[in-house]
Amino acid sequence: MAACVSRVELSVTCRSLLDRDLGSRSDPLCVLLQDAGGGRWAELDRTEKIKNCQDPEFCKKLVVDYYFEKVQKLKFSVYDIDNKSFDLNDDDYLGGVECTLGQVVSSSVFTRPLELKQGKPAGKGTITISAEEIKDTRVVYLEIEAQNLDKKDFLGKSDPFLEFYKQSDAGTWQLVYRSEVVIKNNLNPCWRKFSVPLQTFCGGDFNKPIKVQCADHDSDGSHDLIGTLETTLAQMQTAGAGSLVEYECIHPEKKQKKKNYKNSGIIRIKSCKIETEYSFLDYVMGGCQINFTVGVDFTASNGDPKSPDSLHYISPDGINEYLVAIWSVGSVVQDYDTDKLFPAFGFGAQVPPSWQVSHEFALNFNPSNPYCQGIQGIVDAYRQILPQIRLYGPTNFSPIINHVARFAAQSLQQGTAAQYFILLIITDGEITDLDQTRQAIVNASKLPMSIIIVGVGEADFKAMEFLDGDNGILKSVTGEPAARDIVQFVPFRQFKSAPQEALSQMVLAEVPKQLVSYYKWQGWPPLKLPEIKAM
């Protein structure tokens, strides 16, 4: 493994983007891709979408690991987003640029014309990328409110939002945060608490000038300035414990023109706290064990395992979609588990000797010790059990989710970031106990666990996509929301012709974020704290 030299944060702005929307301007988003070899590109990160804007300054930074000894070919692609789907194939391409990370890192500011394809410019569109090394893991948490803001809308009050800028060494202002909350018709708004990495916010310099801009949001992108103020993090930090820090919000033109102009409102910092943010690697290197459990769907809808059109049919070369999913996900996860003993279960089959339907039977037929030695052990147990059971039904997920949740609940009693649980469910998608599964997931969302569902075959996976919760927070039947998103669903058919690592990358992409968000929610640091390296 090449040692990662550092993490780099990339800021992206574009100018003069093509206009693809009729009656309004484009809604751009920038995607960062890395060359994965063989003409394929793998997505690393993406910015937010900005509505109705041909000169976007993206607020979300793109983060990439920088390896000095590798040529890292990158592609920045800009799209006009007109729907809510994550897939970009149905969005208009506004142009892109290919370069290496070395080129970006070695330029203080890297500007290039956007191209629709090699040699074909995307109108007058340009992209500017600037890089900054992430050296600091602290995060700034801010709570802000305002009073008596100027009214900007003719019929209603203002819809205010905030933008924070830091001053670069060259004296220019760089956007570091844009409040996502546009508070409608309110001249005394109180924005939701938000956080920005300290490095992004002020480069770790507590006395670096910070400009705050308050504007009235207009859906056509022509936001009206209410006023600005300048401060430093050091000044803002004096807020808290009942003492607010107040600033006058000044509109420069009004101040010049009106003799009796006082201000355009008051901005108040209610609290400003700085906390250390730990990474996935901090937890894993600090001693957190990742426990991997597999659940395999043995319901009759998979088809008779002896028949070549069954999803459980093992081909002459010894594989099927179930085995490929177990191998590709398990081979990544096993590196984070020291004992390499993995519990593996089946559900939905009639099991000897009683031939009762079971929804959580051990693949090794040993309920008191369902552990398999390594991923190979799971594969061997699966192959041995197939001829000994009868595929049946129904397809119930909740028993196996509740089974793993019991172990996660026990580890929760330790009150430390010692153990995290990943449940991989492989299924053909015809779920029967949807209501009970929803409740099981909502309960599990309060525990140190994540659920990965891989859908095999050609079934309609609408229920799985619903459980994934990407289109909103999953709720139980009684309306109780999940404490956090813990389910990642991936249909296997999207990866049939892709290399094996593509499935594991997609399936495991959310796990580090889910683990970190859980321990952050609990307020638990890594078991062993990372050493602070002297800069």
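Criteria and cut-off values
- Residues numbered from 1 in each chain as written.
- Predicted model: local features only at pLDDT ≥ 70, side-chain atom pairs only at ≥ 80, totals over all residues.
- Heavy atoms only, no water.
- UniProt positions renumbered as here; feature names shortened; annotations may be inferred.
- Core = buried A, V, L, I, M, F, W, Y, C linked by side-chain atoms within 4.5 Å.
- Buried < 20%, exposed > 50% of the residue type's maximum accessible area, 1.4 Å probe, protein only.
- Contact = heavy atoms within 4.5 Å.
- Axes fitted to C-alpha atoms, helices over the stretch in contact; angles between N-to-C directions.
- Helix = DSSP H or I, 4+ residues; strand = E, 2+ residues; numbered from the N terminus.
- Parallel < 35°, antiparallel > 145°, perpendicular 65-115°, else oblique.
- Left-handed = near helix turned anticlockwise from the far one by under 90°.
- Nonpolar A, V, L, I, M, F, W, Y, C, P; charged D, E, K, R; others polar.
- Pairing = 2+ DSSP bridges.
- Salt bridge = Lys/Arg side-chain N within 4 Å of Asp/Glu carboxyl O.
- Phe/Tyr/Trp six-rings, centres within 6.5 Å; stacked < 30°, edge-to-face > 60°.
- Lys NZ or Arg CZ within 6 Å of the ring centre and 35° of its normal.
- Patch = residues over 30% accessible without salt bridge, like charges linked within 9 Å, V, L, I, M, F, W, Y side chains within 5 Å.
- Areas by Shrake-Rupley, 256 points an atom, 1.4 Å probe, with all protein chains shown as cover.
- Lys, Arg positive; Asp, Glu negative; His and termini not counted.
- Charge placed at Lys NZ, Arg CZ, Asp CG, Glu CD.
- 1 Å grid on protein atoms, 1.4 Å probe; cavity = no way out; pocket = protein on both sides within 12 Å on 5 of 7 lines; lining within 4 Å.
- Points joined across faces, edges and corners; volume = space filled by probe spheres on them.
- Domains from an automatic or database assignment.

Looking at an unreviewed UniProt entry, the protein carries the name Copine-3, with the source organism given as Ptilorrhoa leucosticta. Of the protein, the UniProt comment under Sequence similarities (unreviewed entry) reads exactly: "Belongs to the copine family." Here the protein is described in UniProt, under the heading Function (unreviewed entry), as follows: "Calcium-dependent phospholipid-binding protein that plays a role in ERBB2-mediated tumor cell migration in response to growth factor heregulin stimulation."

Chemist: Please clarify how the nonpolar core should be interpreted in this entry.
Modeler: The nonpolar side chains of a soluble globular protein tend to be buried with one another. Counting residues in each nonpolar core, the largest one holds 53 residues, and the members touching the most others are Phe298 and Leu363. Setting aside chain neighbours within four positions, we find Leu363 in contact with Val296, Phe298, Ala344, Phe345, Gly346, Ile378, Ala381, Tyr382 and Ile385. Core analysis: the second largest hydrophobic core is formed by 31 residues, Leu142, Val176, Val212 and Ile267 among them.

Chemist: Any chance you could explain the packing of helix H6 (residues 321-333) against helix H7 (residues 374-385) here in plain terms?
Modeler: Axis angle and axis distance: for two packed helices, these are the angle between their axes and the distance between the axes, and together they describe the pair. Viewed as axis vectors pointing N to C, H6 and H7 meet at an angle of 165°, and their least axial separation amounts to 10 Å. Taken together, the axes of H6 and H7 are roughly antiparallel relative to one another. Relative to H7, the crossing made by H6 is right-handed. Here Tyr322, Leu323, Ile326, Trp327, Gly330 and Ser331 of H6 lie close against H7, whose contacting residues are Ile375, Gln376, Ile378, Val379, Tyr382 and Arg383. Of the residues belonging to the contact of H6 with H7, the class tally is 8 nonpolar, 3 polar and 1 charged.

Chemist: So what exactly am I meant to see when it comes to the sheet that holds strand S9 (residues 138-147) here?
Modeler: Within a sheet, each strand pairs with its neighbour through backbone hydrogen bonds, oriented either parallel or antiparallel. With respect to topology, 4 strands assemble into an open sheet ordered S12-S9-S16-S15, the strand pairing being antiparallel. Bordering the open sheet on either side are strand S12 (194-197) and strand S15 (245-248), each of which pairs with just one other strand. Geometrically, the sheet is characterised by an average inter-axis angle of 35° between neighbouring strands, direction not taken into account.

Chemist: Can you walk me through the pattern of salt bridges in this structure?
Modeler: In a structure, side chains of opposite charge can pair up when their charged atoms sit close to one another. Per the stated rule, a full pass over the model turns up 17 salt bridges. Residue Lys166 is joined to Glu132 by a salt bridge in which the shortest nitrogen-to-oxygen separation is 2.9 Å. One end of the pair, Lys166, is in strand S10 (residues 160-167); the other, Glu132, is in strand S8 (residues 120-134), with 34 residues separating them in the sequence. The class of Glu132 is partly exposed, set by a relative accessible area of 23%. With its nearest N and O atoms 3.9 Å apart, the salt bridge here joins Glu458 to Arg493.

Chemist: Please clarify how the packing of aromatic side chains should be interpreted in this entry.
Modeler: Describing an aromatic ring pair means giving the distance of the ring centres and the angle of the ring planes. Evaluation of the coordinates by the stated rule reveals 18 aromatic pairs. An angle of 5° between the planes, with centres 4.1 Å apart, marks the rings of Tyr177 and Phe194 as stacked. Of this pair, Tyr177 sits in strand S11 (residues 173-178) while Phe194 sits in strand S12, placing them 17 residues apart in sequence. In this structure, Tyr177 and Phe194 share a single accessibility class: buried. The ring of Tyr165 is capped by Lys211, whose NZ or CZ atom sits 5.6 Å from the centre of that ring.

Chemist: How do you make sense of the environment of Ser358 when you look at a structure like this?
Modeler: Assignment of secondary structure puts Ser358 in strand S20 (residues 356-358). Sequence separation between Ser358 and Phe495 is 137 residues; the distance between their C-alpha atoms is 30 Å. Apart from residues no more than four positions distant in its own chain, Ser358 is found in contact with Phe347, Gly348, Ala349 and Val351.

Chemist: Please clarify how the packing of helix H8 (residues 398-412) against helix H9 (residues 434-444) should be interpreted in this entry.
Modeler: H9 packs onto H8 with a crossing angle of 15° between their chain directions and a minimal axis gap of 9 Å. Taken together, the axis directions place H8 and H9 in an arrangement best described as roughly parallel. The hand of the H8/H9 crossing is left-handed. On the side of H8, the interface is formed by Ser398, Ile401 and Asn402, while H9 contributes Gln436, Thr437, Ala440, Ile441 and Ala444. Split into classes, the residues belonging to the contact of H8 with H9 amount to 4 nonpolar, 4 polar and no charged.

Chemist: I tried to follow a positive patch on the surface on my own but got confused; where do I start?
Modeler: Together, Lys49, Lys51, Lys84 and Lys184 make up a region of like positive charge exposed at the surface. Note that Lys184 resides in the loop between S11 and S12.

Chemist: In this structure, what is going on with the sheet that holds strand S23 (residues 390-391)? I would like to understand it.
Modeler: What the 3 strands build is an open sheet, ordered S20-S19-S23; its pairing is antiparallel. Lying at the two open borders of the sheet, with one neighbouring strand each, are S20 and S23.

Chemist: For this particular structure, what's the right way to read the environment of Val245?
Modeler: By the element assignment, Val245 lies in strand S15. Sequence separation between Val245 and Ile269 is 24 residues, and the spatial gap between their C-alpha atoms is 5.1 Å. In this structure Val245 touches Gln235, Met236, Thr238, Ala239, Ile267, Arg268 and Ile269, once residues within four positions along its chain are discounted.

Chemist: Honestly, the layout of surface pockets in this entry has me stumped. Any pointers?
Modeler: Its boundaries defined by the atoms lining it, the second largest pocket holds a volume of some 730 Å³. Elements represented by at least two residues in the lining of the second largest pocket include exactly strand S1 (6-15), S8, S10 and S11. At 7 residues, the largest contribution of residues to the lining of the second largest pocket is made by S1. Residue composition of the lining of the second largest pocket, by class: 12 nonpolar, 12 polar and 9 charged. Residues from two domains meet in the lining of the second largest pocket; each of domain 1 (6-134) and domain 2 (138-276) gives at least three.

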